[in-house]
Amino acid sequence: MKAQIALITIITADIQNLLRFYCDGLGFSIKTILGKYVELNHEGVRFALCERTVMHDATGHPSFLEEKRGVSFELAFPLN
């Protein structure tokens, strides 16, 4: 099986600021908005923005609540 990225998610503490950057600054449009998770229209791989609290709620991992510096992202690979 060839590994293929199915989803790239940028994880942030401030989704509104990042959303403005990608939409207003780079011209992306919103495909789906679910509160603190937003998927953007993008040809090819799915592309999303997600607040750290959502990732903590989904995984229970305490590292998502720690103060971060720099950029965090998640790559999702389907396992068939």
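Structure first, text after, so check above.
Let me sum up the structure you'll find in this document. (Residues numbered from 1 in each chain as written. Predicted model: local features only at pLDDT ≥ 70, side-chain atom pairs only at ≥ 80, totals over all residues. Heavy atoms only, no water.)

### Points about the sheet that holds strand E4 (residues 46–51)
No. 1: With mixed pairing, 5 strands are arranged side by side in an open sheet as E2-E3-E4-E1-E5. Edge positions in the sheet fall to strand E2 (30–34) and strand E5 (72–76), since each has one partner strand and no second. Strand-to-strand twist across the sheet, computed as the mean angle between neighbouring axes with direction ignored, equals 20 degrees.
No. 2: Of the pairings in the sheet, the one linking strand E1 (residues 7–12) to E5 comprises 5 bridges and is antiparallel in character. When the sheet's bridge partners are listed, Ile 8 is paired in E5 with Leu 75. (Pairing = 2+ DSSP bridges. Helix = DSSP H or I, 4+ residues; strand = E, 2+ residues; numbered from the N terminus. Axes fitted to C-alpha atoms, helices over the stretch in contact; angles between N-to-C directions.)

### Digging into the environment of Ile 5
No. 1: Here Ile 5 shows up in the segment before E1.
No. 2: Given the relative accessible area of 34%, Ile 5 is considered partly exposed.
No. 3: Leaving out residues up to four positions away in the same chain, Ile 5 has contacts with Val 45, Leu 75, Ala 76 and Phe 77. (Buried < 20%, exposed > 50% of the residue type's maximum accessible area, 1.4 Å probe, protein only. Contact = heavy atoms within 4.5 Å.)

### Topic: the state of the cysteines
No. 1: What the rule picks out here adds up to 0 disulfides.
No. 2: The cysteine Cys 23 is free of any disulfide, with Cys 50 supplying the nearest cysteine sulfur at 15 Å.
No. 3: Accessibility expressed as a relative area gives 18% for Cys 23, which makes it buried. (Disulfide = S-S within 2.5 Å.)

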